[in-house]
Amino acid sequence: MFSFQNPAGLLLILLIPLFYILRKFKILNQTVIYAVLGDWEGKYFEWHGSLRKFFSAIIKLMIGAGFILSVIAFADPVISTQEKVYTSLGNDIIFVVDTSPSMAAKDIDGNTRIDAARNTITTLVQNYEGFRYGIVALGSNASVLVPPTAVSSAFTKKLNEIQVGMMGNGSAIGDGLSTAVCHLASSKAPKKSIILLTDGENNAGEIHPQTAAKLAADNNITLYIVGIGTKGRISIEYTDYNTGKLYSGYLESDFDSNQLKKIAELGHGRYFEVQTVDELARSLSSVVKNEAVSQSFTYKTTSTSYYQKLIFIAMILFAVAAFTKRFILQEYIPFKLKPSLILRSVLQALAFITLCIAQTGISWGTYLAPVQKNSTAVSMVFDISNSMLACDEPDRKSRLQASTLYAKKLLSRMDGTSVSVVLAKGDGITAIPLTEDFAMVDSLLDVMSPSLMTAPGSSLGKGVLAAKDSFPQNFSSAGRIWIFTDGEETDGSLQNAISECTKYGIPVSIIGFGTEDEVQILAGDGKTIVYTALRTENMEKILDAIHEKSKSYKNKTPVIFSKASDLGTASKLLSQLSNSSENTQIVSYEARPVPRYKFFLILASILLSASFFAAEFDLKNIGHKKLTAALMVLCLFTTMFTGCEHNNHNSENSDRIETVSKNKNFGTGESTKILFGSYEWHKKNYRKAVALFLSVVENADEESQQTLDYSLYDLATAYSMSGEEAAALDRYSQISADAPQIVRYNAYYNAGIIAHNQGNFDSASEYFRKALEIDNTRLDAKINLELSIQMTEAQSRQNESEILPTHEEKEHNQDLENTVFQHIKENDKKQWKNSDTNQAQNLSEDY
């Protein structure tokens, strides 16, 4: 959608007709500039009058067009697009991809089977947002590459890394399915499903596919199987993943479709057989559509500004006009006009310079903008440098062991919270993207070691920045970063990294491990002795510097440091999390730069206008009447320009605005925001209205309670109109009992409508009843109260008469499930251990 952020700025175009009006009244006198007869030289001279008139007209058009483009740029044209941001869980889907060598067969529309699967899955994920996707790769064994996550970039990255033979030469279908079941069993998603893509039959592993299918059914996980590839003699060529050796030959493809169908039936799913890319895409799309659930979402508006492009075009037009006048028309400046024209040239040059500055998008200073989230997510940053191996924790545990145990205890109280894991050493990497699969997190915590990364040193800052990037931009959860460290760092980047996080409204908590007494450890070379301790003083200095930098802000992003051994540290961390059972609204604050280009644009317009006025304005030849008329025109124009932005608002808001302006404790800036919010509400720009009203509510003083009540009501109503009903109910409930009667009545009435639409008829009845207690003359509330009571009774009768179908419960072999899951978890640990690397360089600085 196209719009102007500052439409009042378009009134500057009126300077053009104003310029010609002043010429009409002889207040401005057009300057005559003579042309140089440089080509005469005593010879016959032909005056090309029409050509020069043409060039002169072109110059005027270019200058006028450049000025108009600069004015349009000042009005800030933008094209806004809206992205869905899901605020509730969708389906969890894990793709189990066969990586055995047979998947290199090139019989799917000229593509290999694994390439066709990879490309189709990528397209599917892009088209169906709101789901959490995971990947399990299977070969001779199986491994989860990505747990179910909403971070599509992390999923796609791992998907593209899948190669033929990376898990061995077999097809452990049972192990692959069991691994997926293990990582979906504890999911709180409304629906869970597994999609197996394979071209063979189970010939490896320790778990039978039918056992895995039964485990999936017992855990309410639907199993879909896609048999991919044609049958018969097929050419095959692939490079061995481990040796790099090229193999080529022919494959006799003849997998058992009946066996795969039976496995799918045991998992309460379906079997598909595909031989083309289109068939594969249709099969996967049908699965996703079948598993789709109703999700709540909101919209995030992204605006793309085009002022820089317009300024650039205007600069070109001005430059071409100046070149044409000087070098093509070769204008000659008479001596008597020289002072004024020199002044004009100087002013125009300054105008061009200010345009260049504006085109760069210059900005300085920051402001805090409120951003609303509906849940929390945590990125855990683990310092795995060698200093964390110091054994100065209770029971002679190392700092790293203590930090992983501490994290496990926190995880046990974080049900429903998405967690990512970042490893920080000489670099920072996201080992696990945001997920609620704590089994995956546990498997990594059990094998945490400095050998998981090769980069020497300790760069906590890089780990923090990786954690910041693990939160997607369109993520509906408010991010928190928890750093488990002893404070030892070798590059001093932590302070800048934390400051960067606070700009995005992400709170950072540092949990310190170790003692403040120095102990000896060996550096990365295994020989050099270094001393390490919990660097409490350094951490406190960093936090003091960050707090000093942000002290001017009213709403600061919290940054804390606490020792793990201090009482209450865990409580401080857990208090940052929202209750997953409640639809709480979380407001964080992002520091955003203050753009200053408009100042330079208006300055350029003033300088350009002044350049013409200065050259043509002749006070000696102007009478008093003309001068008075000119001043009146200028005053009228100034009044229109400065007042237009405030006169745009609809008169329907006059009562509310009068109430706000009477409150002495409420600043004019906040009153202006309410005016603008009301205007955006009437224009049905509910997202903009929410942002303005939210800013007023967050900055309201306690003494201005009446104004706060009006603002809360406006904010709740804007939420309701934008489809965020939970947020609307929350804001309605915050309106005080001392609010004006009309505000309290409308708040209860609107809350009743929302509850009724949600099917919560008991709450709806209570809201309408409270509304009638305030004003019992309102017929609409009485009718809705009766309807809600009737619906409550009908719902109650339906529940009483409902006969639950009787069925025999299948015996759940808990022992078998525990055995299988334990086997999968041990396998996950082995996969993490296999990623341990022997450093090529053992540096003494690595500690």
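Residues numbered from 1 in each chain as written. Predicted model: local features only at pLDDT ≥ 70, side-chain atom pairs only at ≥ 80, totals over all residues. Heavy atoms only, no water.

Here we come to the overall build of the protein chain. Broken down by element type, the protein chain carries 27 helices and 23 strands. Within the span of the protein chain, comprising 847 residues, buried residues form 48% of the whole. Looking at the protein chain alone, contacts between residues at least 24 apart form 79% of all its contacts between residues at least 6 apart. Element-wise, carbon and sulfur atoms account for 53% of the exposed surface of the protein chain, whose accessible area totals about 42200 Å². (Helix = DSSP H or I, 4+ residues; strand = E, 2+ residues; numbered from the N terminus. Buried < 20%, exposed > 50% of the residue type's maximum accessible area, 1.4 Å probe, protein only. Contact = heavy atoms within 4.5 Å. Areas by Shrake-Rupley, 256 points an atom, 1.4 Å probe, with all protein chains shown as cover.)

On to the confidence of the model for the protein chain. Residues of the protein chain with pLDDT of at least 70 account for 79%, and the chain-wide mean is 79. Low pLDDT, under 50, characterises residues 801-812; the stretch is placed with three contacts to residues that sit more than four places away or in other chains. Across residues 838-842, where pLDDT falls below 50, the model places six contacts with residues more than four positions away in sequence or in other chains. (pLDDT = per-residue confidence, 0-100.)

What follows is about helix H8 (residues 277-291). Between the first and last C-alpha of H8 there are 21 Å, a value that for 15 residues agrees with the 21 Å anticipated at 1.5 Å per step. Those residues of H8 not exposed but buried are Leu280, Ser283, Leu284, Ser285, Val287, Val288 and Glu291. Where H8 is buried, its residues contact strand S4 (92-98), helix H3 (113-127), strand S7 (192-198), strand S8 (221-228) and strand S11 (271-274). (Expected span 1.5 Å × (residues − 1).)

To continue, consider the environment of Asp115. Within the secondary structure layout, Asp115 lies in helix H3. Take Asp115: its relative accessible area is 30%, and that puts it in the partly exposed class.

A few words now on the packing of aromatic side chains. The final tally for this structure, using the stated rule, is 14 aromatic pairs. For the pair Tyr133 and Phe155, a centre-to-centre distance of 5.8 Å together with 45° between the ring planes defines the contact as tilted. Note that Tyr133 is positioned in strand S5 (residues 132-138) and Phe155 in helix H4 (residues 152-160), a separation of 22 residues in sequence. Just as Tyr133 is buried, Phe155 falls in that class too. Seen in terms of ring centroids, Tyr307 and Tyr597 are 3.6 Å apart; in terms of plane orientation they differ by 5°. Their pairing is stacked. Taken together, the residues span a long stretch of sequence, with Tyr307 in helix H9 (residues 307-328) and Tyr597 in helix H17 (residues 597-616) at a distance of 290 residues. (Phe/Tyr/Trp six-rings, centres within 6.5 Å; stacked < 30°, edge-to-face > 60°.)

Although it is not a glycine, Asn220 adopts a positive phi angle of roughly 60°. Along the chain, the position of Asn220 falls in the loop between helix H6 (209-218) and S8. Backbone geometry places His268, a non-glycine residue, at a positive phi of 60°.

This next bit is on the sheet that holds strand S17 (residues 428-435). In spatial order, the strands read S17-S16-S15-S18-S19-S22; together these six strands make up an open sheet with mixed pairing. The two strands at the open ends of the sheet, each matched to only one other strand, are S17 and strand S22 (559-563). For this sheet, the mean angle separating the axes of adjacent strands, direction not counted, is 20°. Relative to S22, strand S19 (residues 508-512) runs parallel, the two sharing five bridges. Bridge assignment links Ile511 to a residue of S22, and that residue is Ser562. Strands in contact with helix H11 (residues 399-411) are strand S15 (375-383), strand S16 (418-424), strand S18 (477-485) and S19; relative to S15, the strand with the most contacts, it is inclined by about 165°. Together, S15, S16 and S17 form the strand contacts of helix H12 (residues 438-445), whose direction differs from that of S17 by roughly 150°. (Pairing = 2+ DSSP bridges. Axes fitted to C-alpha atoms, helices over the stretch in contact; angles between N-to-C directions.)

Right, let's talk about the environment of Asp738 for a bit. Position of Asp738 relative to the elements: it lies in the loop between helix H23 (725-733) and helix H24 (741-757). Taking C-alpha positions, Asp738 is 8.9 Å from Asp709, a pair spaced 29 residues apart along the chain.

All right, on to the side chain of Ser765 then. Looking at the secondary structure, you find Ser765 in helix H25 (residues 761-774). A relative accessible area of 6% places Ser765 in the buried class. Setting aside anything within four residues of it in sequence, one finds Ser765 in contact with Leu785, Ser788, Ile789 and Thr792.

Before going further, it helps to spend a moment on helix H1 (residues 15-24). Inspection of H1 places Leu15, Leu18, Phe19, Leu22 and Arg23 among the buried residues, and these make up the whole buried set. Along the long axis of H1, the arc covered by the buried residues comes to 140°, so they all point the same way. Remark: Lys26 follows H1 within two positions and exhibits a positive phi of approximately 60°. (Arc of directions from axis to C-beta.)

On to the packing of helix H22 (residues 705-721) against H23, then. The geometry of H22 relative to H23 is characterised by a closest axis approach of 8 Å and an angle of 165° between their N-to-C directions. With respect to H23, the axis of H22 lies roughly antiparallel. As H22 packs across H23, the resulting crossing turns out to be left-handed. Each of Leu712, Tyr713, Leu715, Ala716, Thr717, Tyr719 and Ser720 in H22 lies in contact with H23, whose residues at this interface are Ala727, Ala728, Arg731 and Tyr732. Its residues assigned to classes, the contact of H22 with H23 comprises eight nonpolar, two polar and one charged. (Parallel < 35°, antiparallel > 145°, perpendicular 65-115°, else oblique. Left-handed = near helix turned anticlockwise from the far one by under 90°. Nonpolar A, V, L, I, M, F, W, Y, C, P; charged D, E, K, R; others polar.)

Bringing the pairing of strand S21 (residues 529-532) into the picture now. Of the two faces of S21, the one lined by Val530 and Thr532 is fully buried and the one lined by Ile529 and Tyr531 carries no buried residue. Inspection of the sheet shows strand S20 (residues 519-522) paired to S21 by four bridges, in the antiparallel sense. Within S21, the position partnered with Leu522 by the bridge is Ile529.

Attention now moves to the pattern of salt bridges. Considering all chains together, one arrives at 18 salt bridges under this definition. Here Lys541 ties to Glu537 by a salt bridge, and the two come within 3.6 Å at their closest N and O atoms. One end of the pair, Lys541, and the other, Glu537, are both in helix H15 (residues 536-549), four residues apart, so they sit about a helical turn from each other. Of the charged contacts, one joins Glu766 and Arg769 as a salt bridge, the two residues approaching to 3.4 Å between their closest N and O atoms. You can see Glu766 and its partner Arg769 sitting in helix H25, three residues apart, about one turn around the helix. Overall, Glu766 belongs to the partly exposed group, its relative accessible area being 37%. Taken together, the salt bridges that share partners define one network made up of Asp92, Arg132 and Glu436. (Salt bridge = Lys/Arg side-chain N within 4 Å of Asp/Glu carboxyl O.)

Attention now moves to the environment of Val78. Locating Val78 in the fold gives a position in strand S3 (residues 77-86). C-alpha separation for the pair Val78 and Gln5, spaced 73 residues apart in sequence, amounts to 7.0 Å. Setting aside residues no more than four positions away along its own chain, Val78 makes contact with Met1, Phe2, Ser3, Gln5, Ser303, Thr304 and Ser305.

With that out of the way, let us pick up the side chain of Asp240. As for its position among the elements, Asp240 is in the loop between strand S9 (232-239) and strand S10 (246-253). Buried and without a salt bridge, Asp240 has Lys245 as its closest oppositely charged side chain, separated by 8.9 Å. Other than its neighbours up to four places away in sequence, Asp240 contacts Lys245 and Tyr247. (Lys, Arg positive; Asp, Glu negative; His and termini not counted.)

On to the nonpolar core, then. Core analysis: the biggest nonpolar cluster contains 63 residues, and Met380, Met414, Trp482 and Phe484 have the highest contact counts within it. Among residues more than four places away in sequence, those in contact with Trp482 are Val378, Ser379, Met380, Val381, Leu410, Met414, Ser509, Ile511, Leu573, Gln576 and Leu577. Counting residues in hydrophobic clusters, the runner-up holds 36 residues, among them Met103, Ala117, Val274 and Val287. (Core = buried A, V, L, I, M, F, W, Y, C linked by side-chain atoms within 4.5 Å.)

With that out of the way, let us pick up the sheet that holds S8. With mixed pairing, six strands are arranged side by side in an open sheet as S6-S5-S4-S7-S8-S11. Unpaired on one side and paired on the other, strand S6 (142-149) and S11 mark the two borders of the sheet. Strand-to-strand twist across the sheet, computed as the mean angle between neighbouring axes with direction ignored, equals 15°. Of the pairings in the sheet, the one linking S7 to S8 comprises seven bridges and is parallel in character. For Lys192, the partnering residue across the bridge sits in S8 and is Ile221. Strands in contact with helix H5 (residues 173-184) are S4, S5, S6, S7 and S8; relative to S7, the strand with the most contacts, it is inclined by about 160°.

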